[in-house]
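# Structural characterization, general
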Amino acid sequence: MKIQIRIAVAGCGYWGKNLVRNMHELGALTAICDDNEVASTQFAKQYNVPALTWDEILAANHIDGVVIATPALSHAKMVKEALKSGKHVFVEKPIALSVEDAQECRRLASQHGKKLMVGHLLQYHPAFVQLKQYVKSGKLGRLQYIYSTRLNLGKLRREENSLWSFAPHDISMILSLARSQPDSVLAIGGNYLRNDVADVTTMHMFFPNNLQARIFVSWLHPFKEQRLVVVGDKGMIVFNDQAMHEQKLQFYSDPVIWDGSDPEIQSRSGEFIPTEDCEPLRKECQHFIDCIRCDLTPLTNGEEGKNVLEVLNAAQLSMDNGNKKINLNQQIDFYRHETVIVDEGATVGAGSKIWHYTHISKNAKIGENCVLGQNVFVGQGVSIGNGCKIQNNVSVYNGVTLEENVFCGPSCVFTNVNNPRANVERKDEFSLTYVGRGVTIGANATIVCGVDIGEYAFIAAGAVVTKDVNPHALMAGVPARQIGWVSRCGEVLKDALTCPRTGESYRIVDGRLVLKAEAELSPTLGK
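The following paragraphs examine the structure supplied in this document.

Reading the values: rules and limits
- Residues numbered from 1 in each chain as written.
- Predicted model: local features only at pLDDT ≥ 70, side-chain atom pairs only at ≥ 80, totals over all residues.
- Heavy atoms only, no water.
- Helix = DSSP H or I, 4+ residues; strand = E, 2+ residues; numbered from the N terminus.
- Rg over C-alpha atoms; globule rule 2.2 N^0.38 Å.
- Contact = heavy atoms within 4.5 Å.
- Areas by Shrake-Rupley, 256 points an atom, 1.4 Å probe, with all protein chains shown as cover.
- Lys, Arg positive; Asp, Glu negative; His and termini not counted.
- Charge placed at Lys NZ, Arg CZ, Asp CG, Glu CD.
- Axes fitted to C-alpha atoms, helices over the stretch in contact; angles between N-to-C directions.
- Parallel < 35°, antiparallel > 145°, perpendicular 65-115°, else oblique.
- Nonpolar A, V, L, I, M, F, W, Y, C, P; charged D, E, K, R; others polar.
- Buried < 20%, exposed > 50% of the residue type's maximum accessible area, 1.4 Å probe, protein only.
- Pairing = 2+ DSSP bridges.
- Expected span 1.5 Å × (residues − 1).
- Bend = angle between axes of the 7 residues up to and from the residue.
- Polar contact = N/O pair within 3.5 Å; in protein donor to acceptor, adjacent residues only side chain to side chain.
- 1 Å grid on protein atoms, 1.4 Å probe; cavity = no way out; pocket = protein on both sides within 12 Å on 5 of 7 lines; lining within 4 Å.
- Points joined across faces, edges and corners; volume = space filled by probe spheres on them.
- Salt bridge = Lys/Arg side-chain N within 4 Å of Asp/Glu carboxyl O.
- Core = buried A, V, L, I, M, F, W, Y, C linked by side-chain atoms within 4.5 Å.

### Looking at the overall build of the protein chain
- Tallying secondary structure elements over the protein chain gives ten helices and 40 strands in all.
- For the protein chain, the C-alpha radius of gyration of 24 Å lies close to 24 Å, the compact-globule estimate for 527 residues.
- Its C-alpha atoms put the protein chain at 70 × 65 × 45 Å along the principal axes.
- The long-range share in the protein chain, meaning contacts at least 24 apart out of those at least 6 apart in sequence, stands at 47%.
- With the model as given, the accessible surface of the protein chain reaches about 24,000 Å², and the carbon-plus-sulfur share is 49%.
- The protein chain carries 54 positive and 56 negative side-chain charges, and their two centres are separated by 3 Å.

### Some remarks on the packing of helix H5 (residues 99-112) against helix H9 (residues 302-320)
- At a closest axis distance of 9 Å, the pairing of H5 and H9 adopts a crossing angle of 175°. Relative to H9, the element H5 lies roughly antiparallel. Residues Val99, Ala102, Gln103 and Arg106 of H5 pack against Gly302, Glu303, Lys306, Leu309, Glu310 and Asn313 of H9.
- Residues of the contact of H5 with H9, tallied by class, amount to three nonpolar, three polar and four charged.

### Considerations on the pairing of strand E9 (residues 212-218)
- With five of seven residues buried, E9 is to be regarded as a mostly interior element.
- Counting the residues that bridge the hairpin from strand E8 (residues 200-206) to E9 gives five residues, and of these Asn209 lies at a positive phi of roughly 60°.

### Examining the sheet that holds strand E2 (residues 29-33)
- Spatially, the five strands line up as an open sheet ordered E2-E1-E3-E4-E5, and their pairing is parallel. The strands lining the two open edges of the sheet, one partner per strand, are E2 and strand E5 (116-119). Strand-to-strand twist in this sheet, taken as the mean axis angle between neighbours without regard to direction, amounts to 20°.
- Note: strand E1 (residues 7-10) against strand E3 (residues 65-68), four bridges, orientation parallel. When the sheet's bridge partners are listed, Ile7 is paired in E3 with Gly65.
- Packing against the sheet, helix H4 (residues 75-84) makes contact with E1, E3, strand E4 (88-92) and E5, and its axis sits at approximately 170° to E4.

### Re helix H7 (residues 162-178)
- Under the 1.5 Å per step criterion, the end-to-end length of H7 is 23 Å for 17 residues, consistent within 8% with the ideal 24 Å.
- Of all bends in H7, the biggest is about 45°, found at Pro168.
- In terms of residue burial, H7 counts as a mostly covered element, since 17 of its 17 residues are buried.
- For H7, the N-terminal capping position is held by Asn161, with its side-chain oxygen 3.1 Å away from the main-chain nitrogen of Leu163.
- A positive phi of about 60° marks Arg179, the residue just after H7.

### Some details on empty space enclosed by the protein
- Following the criterion strictly, the structure yields two cavities of 30 Å³ or more and no others.
- Approximately 40 Å³ is the volume found for the second largest cavity.
- Every element with two or more residues in the lining of the second largest cavity is listed here: strand E6 (143-153), H7 and strand E10 (220-232).
- For the lining of the second largest cavity, the per-class residue count stands at four nonpolar, three polar and four charged.

### Overview of the sheet that holds strand E35 (residues 458-459)
- Spatial ordering of the open sheet is given by E17-E20-E23-E26-E29-E32-E35-E37-E38, a layout of nine strands whose pairing is mixed. In the strand order of this sheet, the two ends are held by strand E17 (335-336) and strand E38 (481-485), each with one partner.

### Notes on the pattern of salt bridges
- All chains considered together, the criterion is met by 19 salt bridges.
- With a shortest N-O distance of 2.7 Å, Asp295 and Lys115 are connected by a salt bridge. Within this pair, whereas Asp295 is found in the loop between helix H8 (280-294) and H9, its partner Lys115 is found in the loop between H5 and E5, the two being separated by 180 residues in sequence.
- With relative accessibility at 4%, the residue Lys115 sits in the buried group.
- Glu310 is the salt-bridge partner of Lys306, the closest N and O atoms lying 3.4 Å from each other. Of this pair, Lys306 and Glu310 both sit in helix H9, separated by four residues, roughly a single helical turn.
- Judged by relative accessible area, Lys306 falls into the buried class, the value being 7%.
- Among the charged side chains, a salt-bridge network with shared partners connects Arg106, Glu303, Lys306, Glu310 and Lys365.

### Describing the nonpolar core
- Among the nonpolar cores identified, the biggest contains 72 residues, and Trp54, Leu131, Ile171, Met203, Met205, Leu228 and Val230 are the most heavily contacted of them.
- The element best represented in this core is H7, accounting for ten residues.
- Excluding residues that lie within four positions of it along the chain, Met203 makes contacts with Leu163, Ile171, Val185, Leu186, Ala187, Ala213, Arg214, Ile215, Val311 and Ala315.
- Judged by nonpolar contacts, the second largest core, of 39 residues, contains Val348, Cys370, Cys388 and Val406.

Taken by themselves, the reported measurements are silent on function.
Encoded structure:
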């Protein structure tokens, strides 16, 4: 039986009304909230749900999650209040106005075991999802340049400039394609209608490996344009959101050829790529519901929201300081032994400790408060979340992602090619491996590439994982098979499904383990 998820929407204005409509059509809308009593009463009547105050929503035990579509200034406060009250949160962009507030929101989500999702809508657009697949497949080759425009005549804002209003979506897409933060950011703004609000903004992002990106946003433009151009050394792809459905995505293969030592432009029309015809906001709302129902990590989670905010703040700082280039890649407040090698472009979060003879490759990203033991290797572009502990003699190769609080036991093994040969180059055939938050991988265990390991799973010492692993699953053997369940703190659960350390009770719903307290939020859950 499908679990019913109940969502309240706070903010029924310009964009919030679309979220209200979608949550209603998905069968999840259970309440609305807006400071405008006339609007809240109207929506309550239209969708046959109660109009509640924010305090009433926080106090309502039957509400699973909230959607926050209020002005950006209120986001951080409301997100924190909702998480503390035990609600999952979907907040419209930006997650907050300061990186410190974004970090606190992420900490609270982790502390309370709740989902935190940021409304970067275009990550859910079928055309962009297809574009990412083209980039991932290698059809564009090495990315060289990304250019984005988001132009319109209005809607004019007073509380935020065009950068903060329009650019978060484009930054989110570009960071997703680059798979890293930029080294530096430069932004130029033009104030024409008000002295203190930039109507037109141009932003430049400089990434490792010479990748550059440019974002041009304006609400003072004679026509509407929303276009993303991605250029690689093997091809180009254009996402034109203003085009007809069947022409939104266009691929240009081999636009430049080499005649001896000279490049030559080929005259070739682009190939239109078919994409799914659906409303991106519907996909985004459904994803939030699925993350709650199935205990999944949101695609645009708090970490992703914080990364976008870091770039936004750097761009604003650049404009405030006479268009000065701002460096994002300064390494501070982490310890590394004198034998450690950290390649250019790699980043290490504050509070992390890296021990003897460890090598961090370029573009790798190590989160905050991580511990990497002796003789650890982290491959190019690898992402390791906050609070991870990687014991001695572990190699985390290109293609592996570790979410926060993952434990990797001594000499555990990751692979990234299924059929390696010493004499066959397969760098373009790496299979991706995803390890969810809170996972434990025992000593000498092997994770064969191309698998997803669900949150809080426990891989026993010496096990060989060859297929996807359910969240909370206890896996053992060669090949590994599920032999039980573990709690969030790693305790093996007996028949009663009660954690002996914390006393928390669990239930099995649709083949997945969920907390009993969460199950009881809905009368249909667990039956």
